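Below are the chains, spelled out letter by letter.
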Amino acid sequence: MTLKEQTANGFMWAALNTGAMQVLNAVFGVVLARRLSQDDYGLIGMLMIFTLVANSLQDSGFVTALTNKKDATHRDYNSVFWFNIIVSFMLYVLFFFCAPLIASFYHEPLLLPLSRYYFFGFFIASFSIVPRAILFKQIKQKELAIMALLSLLLSGTVGIVMVYHDMAYWGLATQTLTFNLSVSVLSWLFSGWKPSRNISTKPIREMFGFSSKMLITNIFNQINNNIFALVLGKIYTKTETGLYTQANKWNTMGASTITGMVQGVAQPTFVQVGNERERLRGAFSKMLRFTCFVCFPVMFGLSLVAPEFIVILLTEKWLPSALLMRILCVGGAFLPIATLYFNMIISRGKSNIYMWNVIAQGCIILATILLVNLLGGGIRGMILAYVSIIIGWTAVWHYFVWREIQFSPLQALRDILPFLLIAALTMLATYFITQAIGNLYLLLAVRILLAAALYFTVLWLSGAHILKECMGYLLKKNL
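What you see is a predicted model; the values in this text were computed from it and never measured. In this convention, every chain numbers its residues from 1, walking through the sequence in written order. Restriction of local features to residues with pLDDT of at least 70 applies here, the model being predicted, together with a cutoff of 80 or more for giving and counting side-chain atom pairs; totals for whole chains, interfaces and linings are based on all residues. Only hydrogens and water are removed before side-chain values are computed, so all heavy atoms of the structure are retained for them.

A. Region of interest: the environment of L114. Comment: elements are numbered from the N terminus, with helices defined as DSSP H or I runs of at least four residues and strands as E runs of at least two. Mapped onto the elements, L114 comes out in helix α5 (residues 111-118). Think of it in three bands: with a 1.4 Å probe and only protein chains considered, a residue is buried below 20% of the maximum accessible area for its type, exposed above 50%, and partly exposed in between. Taking the relative accessible area as the measure of exposure, L114 reaches 0% and is therefore buried. For the pair L114 and A99, spaced 15 residues apart in sequence, the C-alpha to C-alpha distance is 8.8 Å. Sequence-distant contacts of L114, that is, excluding residues within four places in its chain, are made with L43, I44, L47, Y169, W170 and A173. Contacts are assigned to residue pairs that have any heavy atoms within 4.5 Å of one another.

B. Highlighting the packing of helix α13 (residues 306-314) against helix α14 (residues 320-332). Here α13 crosses α14 at 140°, and the two axes come no closer than 8 Å. By the angle between their directions, the pair α13 and α14 is classed as oblique. Judged by the sense of rotation from one axis to the other, the crossing of α13 with α14 is right-handed. On α14, the residues touching A306, P307, F309 and I310 of α13 are S321, A322, M325 and R326. Interaxial angles span 0 to 180 degrees and are taken between N-to-C directions of axes, which are lines fitted to C-alpha atoms, for helices over the stretch in contact. An angle counts as roughly parallel when it lies under 35 degrees, as roughly antiparallel when it exceeds 145, as roughly perpendicular when it falls between 65 and 115, and as oblique in every other case. Helix crossings fall into two classes, left-handed where the near helix is turned counterclockwise from the far one by less than a right angle and right-handed where it is turned clockwise.

C. Local environment of the side chain of T178. Structurally, the position occupied by T178 is in helix α8 (residues 141-191). A relative accessible area of 15% places T178 in the buried class. Not counting residues up to four positions away in its chain, the partners in contact with T178 are L154, S155 and V158.

D. Highlighting the nonpolar core. With 98 residues, the main nonpolar core has F284, L288, F293, F296, M325, Y341 and W397 as its most contacted residues. Considering every element that reaches this core, the biggest residue donor is helix α12 (residues 277-304), with 14 residues. If we ignore the near neighbours within four places in the chain, the residues touching F296 are G301, A333, F334, I337, I416, F419, L420 and A423. Listed in part, the 20 residues of the second largest apolar core include L43, M46, L91 and F122. As used in this record, nonpolar core signifies buried Ala, Val, Leu, Ile, Met, Phe, Trp, Tyr and Cys residues forming a set joined through side-chain atoms within 4.5 Å.

What follows is the structure, given as structure tokens:
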């Protein structure tokens, strides 16, 4: 296939992968949420940030470095594989002995045995890092999709069985461990790659300058994305932390569906385009329009139906999380755009720019939400501040992309604003038109159908080229 066909095919399989993953996650999430309490989710939410930071440490940025390296050899992959295994084992030992400190920090004795069990998941996951990196570099999204879906089906089933046998939060922890184990096994089967005992540290030293910056960045990214679980777990109760965790879970599902599409294709595509700035600008602009075409209606739509969605799927006990979800989804609409921007920066080898951007953003977010809390803004005020920073930081990402490929702010606005405004106005119109409907089930169905119909009608009448391109591609694939 040509690069254009390979990219389009990658987008399609990445969309199927992330879309199907989120649907299955939603199904399993609904079943589990109906059985579990806010406290159960709160316990896992308190541990989430530690696992995510550990995942970044075990990867150490070498996967991104391998993707950027056009002439990566078996020696490179083999060195990174053994490095990941050793680092992951050392991290697990460290977290094992730090478990009493974590339990003491949250004043929650249950976290002592739970954390030691739950953290073993990131050691299991270390065995899949290099095989998945190989599949990612080759834009083999089909294999990655099959692997992820099979793993989710197995782990979700295990989690549900355990929860319905009254194992509560242990079921949630086992679900994660089962997923990581399944991904590790399948990634080896699909990649066909095998390590050797001929280990060289030279590739690690060669890539360390780039990868170390990616490591620091990934850690701050995880902190930025999960700062509320850490702060709320310390300041508020398990119940309030659980409500936020549930709201953010559905926001993350929506945003990561689109982010996964972008993440799975953008960096390897930009790397293959090379240093031809005209082609890079064209590729970036088209990807930006496609990202906006999808992310704004999906995330604004999720914000629109949040109360009905929460009550119907999770019951009334989770309704307080609906307002938090509404606010988070507005910010979530800009996360895929940021992902596209920083993938362009990474593909240009500027991991230092990416790193300092993420660090600065994280520091500002943390300082702002702590200030809002001191001023009595509460959880809602903290989330509003967080979302405002996420949206505003798009301009910062753009500045650095402009420096790299001279992609002008005016062109960015032309690519972003039409989809943002049409999606926002469509959701507002749908909200007011459907206000009189009293039945929750009917209200949810009508809002989804009406919003989708209005959005696509306006785009079609305005002659949106990206809509016609997508329809043409899908029709061609069906034929």
